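# Results of the structural survey
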Amino acid sequence: MEDFAEVTYNGKTFKLPVTTGTENEKAMDIATLRSASGLITLDSGFKNTGATKSSITFLDGEKGILKYRGYAIEDLAEKSSFMEVSHLLIHGHLPNKTELESFNNNIKKHTLVHEDMRKFFDAYPSKAHPMGVVASLVCSLSTFYPESQNPNRSKEETMLTIYRLMGKMPTISAWAYKNLVGHPRVYPTNKLDYAANFLNMMFDLPSQKYELNAAVVKALDMLLILHADHEQNCSTSTVRIVGSSQANLYSSISAGVVALWGPLHGGANQAVIEMLEKIQKDGGNVEKWIQKAKDKNDPFRLMGFGHRVYKNFDPRAKIIKKACDDVLKELGVQDPLIDIAKSLEEVALSDDYFKERNLYPNVDFYSGIIYKALGIPTEMFTVMFALGRLPGWISQWQEMIGNNEPIGRPRQIYIGDIDKKYVPIEKR
Ligand code: CMC
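All values reported here derive from a predicted model rather than from experimental measurement. (Residues numbered from 1 in each chain as written. Predicted model: local features only at pLDDT ≥ 70, side-chain atom pairs only at ≥ 80, totals over all residues. Heavy atoms only, no water.)

### Some words on the pattern of salt bridges
Note the threshold: One side-chain nitrogen of Lys or Arg within 4 Å of one carboxyl oxygen of Asp or Glu is enough to make a salt bridge. Burial here depends on accessible area, computed with a 1.4 Å probe over protein chains only, as a share of the maximum for the residue type. Under 20% is buried, over 50% is exposed, and the range in between is partly exposed.
For the coordinates displayed, the defined rule picks out 22 salt bridges. The partner of Lys 209 in a salt bridge is Asp 204, with the nearest N and O atoms 3.5 Å apart. Linking Asp 314 and Arg 316 is a salt bridge whose minimum nitrogen-to-oxygen distance equals 2.9 Å. Each member of the pair Asp 314 and Arg 316 is classed as buried. A network of salt bridges, in which partner residues are shared, links Arg 240, Glu 399 and Glu 405.

Next comes the structure, spelled out in C-alpha cells:
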C-alpha cells in the first residue's frame, strides 16, 4: 500500500510519498513540493532533513543504537579489528581471511608518501596545528596523483586512490606530529599492523626505540573502530557535498578533515581535555563549571556533552568509558582528570538542565583521557578522530558517487534588502 503524507497550504492539499527505511524510519519525500505548492522547506542546521538514503550506518538516537552495515558497534568494538571494519565500510561486507590479507597488503603498498611531500612539512611553522597540516597534505595528494582529478576514472583507479588514502593518512598524521615536536620523521614499517605502524611512526626516536605495548595497540585499534562512521554528520555531509561537485576524492576527504576540526564536532576531544585541565587548575570545583555551562550569558559549554542525534546515550561513550578504566588500569596510569570527568558526568546527569535537554556524554568525553594515557598529545586528538573516520568518509563518498547523486545545493529564504538603486561612490 502506498504510504504518503499530506501538506495543506492555501486551501490545497498536496500528497507527498513517504519512504520507509529497513529499520522502519520514515521520511516524507519533498522533491515535488516546490513545483506543486511553491513552498520549500526551511531547516537550519538540517536538524530534521534527510540528505540521502544510505546503507552504510544506522543509528537510533533515542535508543542509543549504532550499527555499521547491520553489525552492532558493541560487537565490532569487542571482536573485530579496524582493518576488518574498514573493509566492511568500503567493500560492504566483513572480509574472509584472504580478502582481509589482500586489503591489508593493498594499503601497505601505499604507506610511503612521495619524498617531495617532506618539503611541505619543512615549510610549516614549527607549532602548526596538525589538523591544518593533515588537511592540506591530504588535499595535496591530488596534485601528486592527477589521475584522481578525472571524474570518469575507472573503478581500479578509484580503488587505488582509496588504498593510497588509507595507506598515507597515518604517515601524514604522524609526520604532522613530528613537525609539532621538532623530531625526525619515522618511515612506515609495513610488517606492523595499521595502529602499531602509526604508533611507531609517532613515538620511535633515533635515540630510543619505541617499544610497542599490545594493550596500547589494541586500545587504539578499538578507538579507530568506534570513530569509523557516524552517518550524515557535519564532516561526512561535507565530504559528500564536496564530492557531489565531482571534486576528486583527496580534496573531498580534506574538506571532511577541516569540517571535523571544529570544537563542536571532532575538535571536541581536544576541547574536553583542555576543559578538564582548566577545571583542575581552578581547584576542581565541578558545581561551579556546571553552573557556568547552564548560564546562557556565559559562552562556556560542557564539552563532550550533548549530541545532535543521541538523546538518550551515545553507545560509543559507554564503550569508551569502560575502556578508559581498563586502559588506565592496564598501563598503571593515574590521571586525576578522570575523576573530574566522572564527577562532571554525575552532577550533570542529575541536573534538570541537562536532563530536560537530554544532554549526555558523547564519544569525545572520555576518549581524550585514553589518548592521553596512550601518550598521544592533545593537539593530535582530532587527528586520531580523522584517522578513524577515514574509511567512513570514503564509503559515504563511494555511495554518493555510485548512486549518481546530484550536486548538493540547498535553497534559502532571502531576507535581505530588495530593489535598491546603485548610488555612485562620491554620493554615498
Ligand atoms: N553544554 C551546555 N548546554 C548545552 C550543551 C553543552 N555541551 N549542548 C547543548 N546544550 C544546550 C543548548 O544551549 C540548548 O539549550 P536551549 O534549548 O536552552 O537553547 C540545548 O542544549 C540544545 O542544544 P543545541 O546546541 O541546540 O543542540 P545541537 O543539536 O544544535 O548541538 C552539539 C549539538 C553537539 C553541537 C552540542 O550539544 C554541543 O555544543 N556540545 C558540546 C560540543 C561537543 O561535545 N561536540 C561533540 C559532538 S559528538 C562528536 C561528533 O560526532 O562530532
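### Structural notes on the environment of Met 201
The line we're drawing: Comment: elements are numbered from the N terminus, with helices defined as DSSP H or I runs of at least four residues and strands as E runs of at least two. Residue contacts are defined here by distance: any two heavy atoms, one from each residue, within 4.5 Å place the two residues in contact.
Note that Met 201 resides in helix H8 (residues 194-203). C-alpha separation for the pair Met 201 and Thr 171, spaced 30 residues apart in sequence, amounts to 7.1 Å. Among residues more than four places away in sequence, those in contact with Met 201 are Pro 170, Thr 171, Ala 174, Lys 178, Val 186, Tyr 187 and Pro 188.

### Description of the sheet that holds strand S3 (residues 26-28)
How we decide: Two strands are counted as paired when DSSP detects at least two bridges linking them. Only the contacting stretch of a helix is used when fitting its axis, a line to C-alpha atoms as for every element, and angles between N-to-C directions run 0 to 180 degrees.
Pairing is antiparallel in the open sheet, where three strands are placed in the order S1-S2-S3. Since the sheet does not close on itself, it has two edges, and those belong to strand S1 (4-9) and S3, each with one partner. Between one strand and the next, the sheet's axes are offset by a mean angle of 30 degrees, whatever the strand orientation. Two strands pair when backbone bridges link them, and S1 and strand S2 (residues 12-20) are joined in this way by six bridges, in the antiparallel orientation. Each residue of the ladder has a partner; that of Phe 4, found in S2, is Pro 17.

### Comments concerning the packing of helix H14 (residues 315-331) against helix H15 (residues 336-349)
The line we're drawing: Note on terminology: angles under 35 degrees are roughly parallel, angles over 145 are roughly antiparallel, angles of 65 to 115 are roughly perpendicular, and the others are oblique. In this scheme, a crossing is called left-handed if the near helix is turned counterclockwise away from the far one by less than a right angle; it is called right-handed if the turn is clockwise. Note on residue categories: nonpolar means Ala, Val, Leu, Ile, Met, Phe, Trp, Tyr, Cys or Pro, charged means Asp, Glu, Lys or Arg, and polar means any other residue, Gly included.
Closest axis-to-axis distance for the H14/H15 pair is 12 Å, and the angle between their directions is 155 degrees. As judged from the angle between their axes, H14 and H15 are roughly antiparallel. Here H14 runs over H15; the crossing is left-handed. Contacts between H14 and H15 pair Lys 321, Cys 324, Asp 325 and Leu 328 from the former with Ile 338, Lys 342 and Glu 345 from the latter. Residue composition of the contact of H14 with H15, by class: three nonpolar, no polar and four charged.

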